[in-house]
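Residue-level structure breakdown
Spelled out from the first residue to the last, the chains are:
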Amino acid sequence: MHLSAENLAARRGEDLIFTNVSFDLSDGDALILTGRNGSGKSTLLRVVAGLLKQEKGHVAFTDSKGESDRMPGEVSHYLGHRNAMKSELTVAENLLFWKEFFGDMIGGAGLAIEDAAEAVGLAGITHLPFGYLSAGQQRRFAFAKLLVAYRPVWVLDEPTAALDTAADRLFVELISSHQKAGGIVLAATHQPLGLTNTQEMRMTGFVGVSEGMWG
Ligand SMILES: Nc1ncnc2c1ncn2[C@@H]1O[C@H](COP(=O)(O)OP(=O)(O)OP(=O)(O)O)[C@@H](O)[C@H]1O
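A brief report on the enclosed structure follows. (Residues numbered from 1 in each chain as written. Predicted model: local features only at pLDDT ≥ 70, side-chain atom pairs only at ≥ 80, totals over all residues.)

What about the overall build of the protein?
Looking only at helices and strands, the protein features 6 helices and 8 strands. The linear arrangement of helices and strands in the protein, starting from the amino end, is β-β-β-α-β-β-α-α-α-β-α-β-β-α. Against the globule reference of 17 Å for 215 residues, the protein gives a C-alpha radius of gyration of 17 Å, in line with a compact fold. Along the three orthogonal principal directions, the C-alpha set of the protein runs to about 55 × 40 × 30 Å. Across the 215 residues that make up the protein, the buried fraction comes to 38%. Long-range contacts, defined as pairs at least 24 residues apart, comprise 72% of the intrachain contacts of the protein with a sequence gap of at least 6. (Helix = DSSP H or I, 4+ residues; strand = E, 2+ residues; numbered from the N terminus. Rg over C-alpha atoms; globule rule 2.2 N^0.38 Å. Buried ≥ 20, exposed ≤ 12 C-beta atoms within 10 Å, placed from the backbone. Contact = placed C-beta atoms within 7 Å.)

Topic: the sheet that holds strand E6 (residues 153-157)
Strand order in the open sheet made by the 5 strands is E5-E6-E7-E3-E8, with parallel pairing throughout. The sheet is open, and its two borders are formed by strand E5 (76-79) and strand E8 (198-202), each paired with just one other strand. The average angle at which neighbouring strand axes cross in this sheet is 15°, direction not considered. With 5 bridges connecting them, strand E3 (residues 30-34) and E8 associate as parallel partners. The partner of Ala30 across the bridge, within E8, is Thr198. (Pairing = 2+ DSSP bridges. Axes fitted to C-alpha atoms, helices over the stretch in contact; angles between N-to-C directions.)

Description of the pairing of strand E1 (residues 2-12)
Bridge count for E1 against strand E2 (residues 15-26) is 8 bridges, and the pairing is antiparallel. Following the sheet pairing, Ala10 is matched in E2 by Phe18. For E1 and strand E4 (residues 56-62), the ladder comprises 6 bridges, and the chain directions are antiparallel. In the sheet register, Leu3 faces E4, and the bridge partner there is Phe61.

Regarding helix H2 (residues 91-102)
Between its terminal C-alpha atoms H2 stretches 16 Å, which fits the 16 Å expected from 12 residues at 1.5 Å a residue. Listed as buried for H2 are Val91, Asn94, Leu95 and Trp98. All buried residues of H2 project into a common sector of 90° when viewed along the axis, lining one side. The inward-facing, buried residues of H2 abut helix H3 (113-119) and helix H4 (135-144). Directly after H2, the chain includes Gly103, whose backbone phi takes a positive value near 65°. (Expected span 1.5 Å × (residues − 1). Arc of directions from axis to C-beta.)

A look at the sheet that holds E4
Strands sit in the order E2-E1-E4 across an open sheet of 3 strands; the sheet is antiparallel. Lying at the two open borders of the sheet, with one neighbouring strand each, are E2 and E4. Taken pair by pair, the neighbouring strands of this sheet meet at an average axis angle of 15°, ignoring direction. Each of E1, E2 and E4 touches helix H1 (residues 41-48); the most contacted strand, E1, lies at about 125° to it.

Details of the site of the ligand
Taken together, 13 residues lie near the ligand, and Arg12, Gly13, Asn37, Ser42 and Thr43 sit nearest. Among the residues making up the shell around the ligand, the classes are represented as 3 nonpolar, 8 polar and 2 charged. (Near = placed C-beta within 6 Å. Nonpolar A, V, L, I, M, F, W, Y, C, P; charged D, E, K, R; others polar.)

Comments concerning the nonpolar core
Formed by 53 residues in total, the largest nonpolar core has its most connected members in Leu44, Val48, Ala116, Ala144, Val148, Val155 and Val185. Ignoring sequence-local partners within four residues, the contact set of Leu44 consists of Ala10, Phe18, Val21, Leu33 and Met203. (Core = buried A, V, L, I, M, F, W, Y, C linked by C-beta atoms within 7 Å.)

Some thoughts on the environment of Tyr150
With respect to the secondary-structure elements, Tyr150 resides in the loop between H4 and E6. In sequence terms Tyr150 and Glu93 are 57 residues apart; their C-alpha atoms lie 18 Å from each other. Here Tyr150 is in contact with Asp104, Met105, Gly107, Gly108, Ala109 and Gly110, once residues within four sequence places are set aside.

Brief notes about the environment of Arg169
Within the element layout of this structure, Arg169 appears in helix H5 (residues 165-180). A C-alpha to C-alpha distance of 30 Å links Arg169 and Val59, two positions 110 residues apart in sequence.

Just geometry here; none of it tells us what the structure is for.
Structure, rendered in structure tokens:
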């Protein structure tokens with residue numbers, strides 16, 4: 001399995017945010033994006049997840065059989081800054097919606113709702129409306145969304161923001177397990193996650209573009 005990008009450039013509004021971004025990730029690899037606020041980390045993640053069209057270059061996914069007919073966005077789970085859950089629905093209803101919406105892909109199987117809740121350390125409260133939960137509990141359940149349906153690629157935008165130390169460790173373990181099972185991870189982060197098998201890319205935003213740092 002491979003996820004690769006070649007000479008990507010992306011624009012937000014009128015501004016070119018980055019150019020000439022390339023990477024090549026195989027089974028079990030993680031790419032960690034670092035850089036100051038506004039440097040283009042979320043922009044790159046959104047391009048990879050297929051939520052934003054690049055200005056130039058391309059991203060490609062090749063599965064374990066060597067086939068490249070799926071768009072990277074189709075094989076990815078995207079965890080953005082927002083949790084993508086409805087406040088009025090219960091946690092179980094939210095997770096069930098996502099489980100059915102995504103379905104599994106060949107190569108893996110999603111967890112049952114209660115098992116996913118247990119995996120993020122919050123078993124027994126899935127009957128509560130999502131809006132009743134604390135910010136950290138909401139983030140944990142947003143992460144559980146990645147576990148209820150299988151996708152080989154996880155695209156994570158500051159996954160550990162708003163979390164306590166225990167949840168931080170838990171997320172790192174879940175991400176590591178995904179890598180050990182052959183999954184690929186792209187994550188933007190302001191704090192070291194402590195993952196293994198990682199490459200780091202420091203985003204520089206406009207400065208890099210104007211000074212030609214991207215080559
Ligand atoms: N919808 C938009 N329209 C115009 N400009 C945007 C839009 N979204 C983001 N930008 C700009 O693009 C640049 C890169 O933003 P991006 O969110 O990718 O940065 P980031 O590195 O993820 O930042 P942070 O660490 O704060 O999350 C910023 O200057 C931002 O203002």
